[in-house]
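Observations on the three-dimensional arrangement
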Amino acid sequence: MQDNIIIANADDTPSAASWQRQLSRAVRDPQTLCERLGLGSLWQAGAHTGHALFETCVPEAFLARIKPHDPNDPLLRQVLPLSNEALETPGFVSDPLAEAEHRPARGLIHKYHGRVLLIASPNCAVNCRYCFRRHFPYADNAPSRAQWQEALNYLRADESIREAIFSGGDPLAGSDRQLAWLVGELEGIAHLKRLRIHTRLPVVIPDRVDDALLGWLGQARLQTVMVLHINHAQEIDRAVIEACARLQQAGVTLLNQSVLLRGVNDDVDTLAALSERLFDARVLPYYLHVLDPVAGAAHFDVSDDEARELVAGLRQQLPGFLMPRLVREIPGEASKTPL
Ligand code: SF4
């Protein structure tokens, strides 16, 4: 069982926050997922195979946006384990971005000038089948408060670092108490200007954007940018739009990054609808990533030539400010590489 993206901070006690109770009740059994969506035995067998490699996790708030009886539903395809995940494909590996070479301290990844990634939570609220960190050794990168000091000292010592990026897992799967503590430590580092949070939680469980979260976010000295992860317009329902509005009222700048995924968003109209819907939520498209070649996800791959063609078609439909930048992450490069 590949269980390195695990569910924690799921709490079903009456005193737990609503989002934690929702997380604890997420569907984590492939059989239940298929039965709830009216998928037959063929899909169920494949789902068990994929689940054995990377466990299933789908919260109810996301499940409610999936059309039943449709194995091609674009949201379902992102979360349904498949037998294809067991296929070995040349070039698709467990650490496609070679992140192991860029970890100077536990919980910290330093790849680019001026900014560092902090693995603020090893947990996720949904397990996306194409995730480039589906094999990441989270157990080795989940520091305690005392262990965070090594990473914090690294930031204190390097005055070229302007931006701390909370990543994961999903950083917002962490408790507000822990996140507020970590932000407080960062705020004491004078040369840090920005906090960026890469998260899918406000999308898959919009109730994550509650008063406790807004409390520490709204008070931060650091300018805060949240980069959401949304791949299809169908993910953006009324609750997501309201969650985005609350974040904006707290002074958070909202951007989105998507992954170009075969069978999910690999056509011009779908990508155009996504940008339009993002703007309905006052979120600006930022990146459209081509798939990172992670083992188990080759069936999502779209070729570079096709990706370029799609973006050329998209440019004919959208104003420039709704165009995401098509990029690939290449290990060792100084930034994302435009295609
Ligand atoms: S893509 Fe993001 S939210 Fe999805 S499993 Fe990976 S880290 Fe978690």
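Rules of the game
- Here, residues in each chain are numbered from 1, in the same order as that chain's written sequence.
- Reporting of local features is limited, given that this is a predicted model, to residues whose pLDDT is at least 70; pairs of side-chain atoms are given and counted only at 80 or more, and all residues count toward the totals for whole chains, interfaces and linings.
- UniProt positions are given in the numbering used here, feature names are shortened, and annotations may be inferred rather than shown by experiment.
- Angular values range over 0 to 180 degrees, each being the angle between N-to-C directions of two axes fitted as lines to C-alpha atoms, with helices fitted over their stretch in contact.
- To qualify as a helix, a DSSP run of H or I must reach at least 4 residues; to qualify as a strand, a run of E must reach at least 2; elements of each kind are numbered from the N terminus.
- Roughly parallel means an angle under 35 degrees; roughly antiparallel, over 145; roughly perpendicular, 65 to 115; everything else is oblique.
- Any two residues are considered in contact once their C-beta atoms, placed from the backbone, lie within 7 Å.
- In this classification, Asp, Glu, Lys and Arg are treated as charged, Ala, Val, Leu, Ile, Met, Phe, Trp, Tyr, Cys and Pro as nonpolar, and every other residue, Gly included, as polar.
- If DSSP finds at least two bridges between two strands, the strands pair.
- By convention, orient the strands away from the viewer: a clockwise path from the first strand over the helix to the second makes the crossover right-handed.
- Each residue gets a C-beta atom placed from its backbone. If that atom is within 6 Å of a molecule or strand, the residue is near it.
- Note on burial: count the other C-beta atoms lying within 10 Å of the residue's C-beta; 20 or more is buried, 12 or fewer is exposed, in between is partly exposed, and C-beta positions come from the backbone.
- By convention, the crossing between two helices is left-handed when the near helix turns anticlockwise from the far helix through less than a right angle, and right-handed when the turn is clockwise.
- The domain boundaries here were taken from an automatic or database domain assignment.
- By this rule the span expected of a helix is its residue count minus one, scaled by 1.5 Å.
- Think of the arc as the fan of directions from the helix axis to the C-beta atoms.

The name given to the protein chain in an unreviewed UniProt entry is L-lysine 2,3-aminomutase, with the source organism recorded as Vreelandella subglaciescola. Quoted straight from UniProt, the Catalytic activity (unreviewed entry) entry for the protein chain says "L-lysine = D-beta-lysine". Regarding the protein chain, the relevant UniProt record gives this comment under Sequence similarities (unreviewed entry): "Belongs to the radical SAM superfamily. KamA family."

This part takes up the packing of helix 7 (residues 176-187) against helix 9 (residues 211-218). Axis separation between helix 7 and helix 9 bottoms out at 10 Å; the angle between their running directions is 5 degrees. Regarding the angle of helix 7 to helix 9, the classification is roughly parallel. Along the contact surface, helix 7 presents D176, L179, A180 and V183, while helix 9 presents A212, L213 and W216. Here the contact of helix 7 with helix 9 is composed, by residue class, of 6 nonpolar, no polar and 1 charged.

All right, on to the pairing of strand 7 (residues 284-289) then. It is a general feature of regular strands that their side chains alternate between the two faces of the sheet. Across 5 bridges, the pairing between strand 6 (residues 253-259) and strand 7 is parallel. Among the inter-strand pairings, Q257 is bridged to a residue of strand 7, identified as Y287. The parallel pair strand 7 and strand 8 (residues 325-328), bridged by helix 12 (residues 304-315), forms a crossover whose chirality is right-handed.

A separate point is the UniProt feature "modified residue: N6-(pyridoxal phosphate)lysine" (unreviewed entry) in the protein chain. According to UniProt, the positions carrying the feature "modified residue: N6-(pyridoxal phosphate)lysine" (unreviewed entry) are K336. Its place among the elements puts K336 in the loop between strand 8 and strand 9 (337-338).

Surrounding the ligand, one finds 12 residues, the nearest of these being C124, C128, C131, D170 and R200. Here the shell around the ligand is composed, by residue class, of 5 nonpolar, 4 polar and 3 charged.

Below, the discussion takes up the environment of N127. Mapped onto the secondary structure, N127 falls in the loop between strand 2 (115-119) and helix 6 (145-157). In the structure, N127 is positioned 164 residues away from L291 in sequence and 16 Å away in space, judged by C-alpha atoms.

Glancing now at unusual backbone geometry. Looking along the chain, the bond that leaves G168 and enters G169 is cis, with omega of 20 degrees. For H69, which is not glycine, the phi dihedral falls at a positive 60 degrees. In this fold, H69 is placed in the loop between helix 4 (60-63) and helix 5 (76-79). Here H69 falls in the exposed class, since 9 other C-beta atoms lie within 10 Å of it. The backbone phi angle of R282 is positive, close to 60 degrees, even though this residue is not glycine. On the secondary structure map, R282 appears in the loop between helix 11 (268-280) and strand 7. Classification of R282 as exposed rests on a count of 12 C-beta atoms within 10 Å.

What follows covers the sheet that holds strand 1 (residues 108-112). Strand order in this open sheet of 9 strands is 1-2-3-4-5-6-7-8-9, and the pairing throughout is mixed. Edge positions in the open sheet fall to strand 1 and strand 9, since each of these has one partner strand only. In terms of strand pairing, strand 4 (residues 194-199) meets strand 5 (residues 223-229) through 6 bridges, oriented parallel. Residue I197 lies in a different strand from strand 5, and its bridge partner there is M226.

This next bit is on the packing of helix 11 against helix 12. At a minimum axis separation of 9 Å, helix 11 and helix 12 run at an interaxial angle of 55 degrees. Relative to helix 12, the element helix 11 lies oblique. Read as a crossing pair, helix 11 and helix 12 show a hand that is right-handed. Together, V268, L271 and A272 of helix 11 and L310, G313 and L314 of helix 12 make up the contact between the two elements. Grouping the constituent residues of the contact of helix 11 with helix 12 by class yields 5 nonpolar, 1 polar and no charged.

So, on to the domain arrangement of the protein chain. Under the domain assignment, the protein chain is made up of domain 1 (18-86) and domain 2 (99-338). Of note, the centres of domain 1 and domain 2, computed from C-alpha atoms alone, are 23 Å apart. Going through the elements one at a time, helix 1 (18-24), helix 3 (41-53), helix 4 and helix 5 are the ones with two or more residues in the side of domain 1 that touches domain 2. Of the residues forming the side of domain 1 that touches domain 2, the biggest block, 4 residues, is contributed by helix 1. Residues belonging to the side of domain 1 that touches domain 2 are distributed by class as follows: 14 nonpolar, 7 polar and 4 charged.

Here we come to the environment of L213. By the element assignment, L213 lies in helix 9. Residue class for L213 comes out buried when judged on the 23 C-beta atoms lying within 10 Å of it. A sequence separation of 139 residues divides L213 from P74, and the C-alpha atoms of the two residues are 29 Å apart. The contacts of L213, once residues within four sequence positions are left out, are D176 and R208.

Attention now goes to helix 7. For helix 7, with 12 residues, the first-to-last C-alpha span of 16 Å sits near the 16 Å given by 1.5 Å per residue. Considered for burial, the residues of helix 7 that qualify are L179, L182, V183 and L186. Seen along its axis, helix 7 keeps its buried residues to an arc of 100 degrees; they face one direction. Buried residues belonging to helix 7 abut helix 6, strand 3 (163-167), strand 4 and helix 9.

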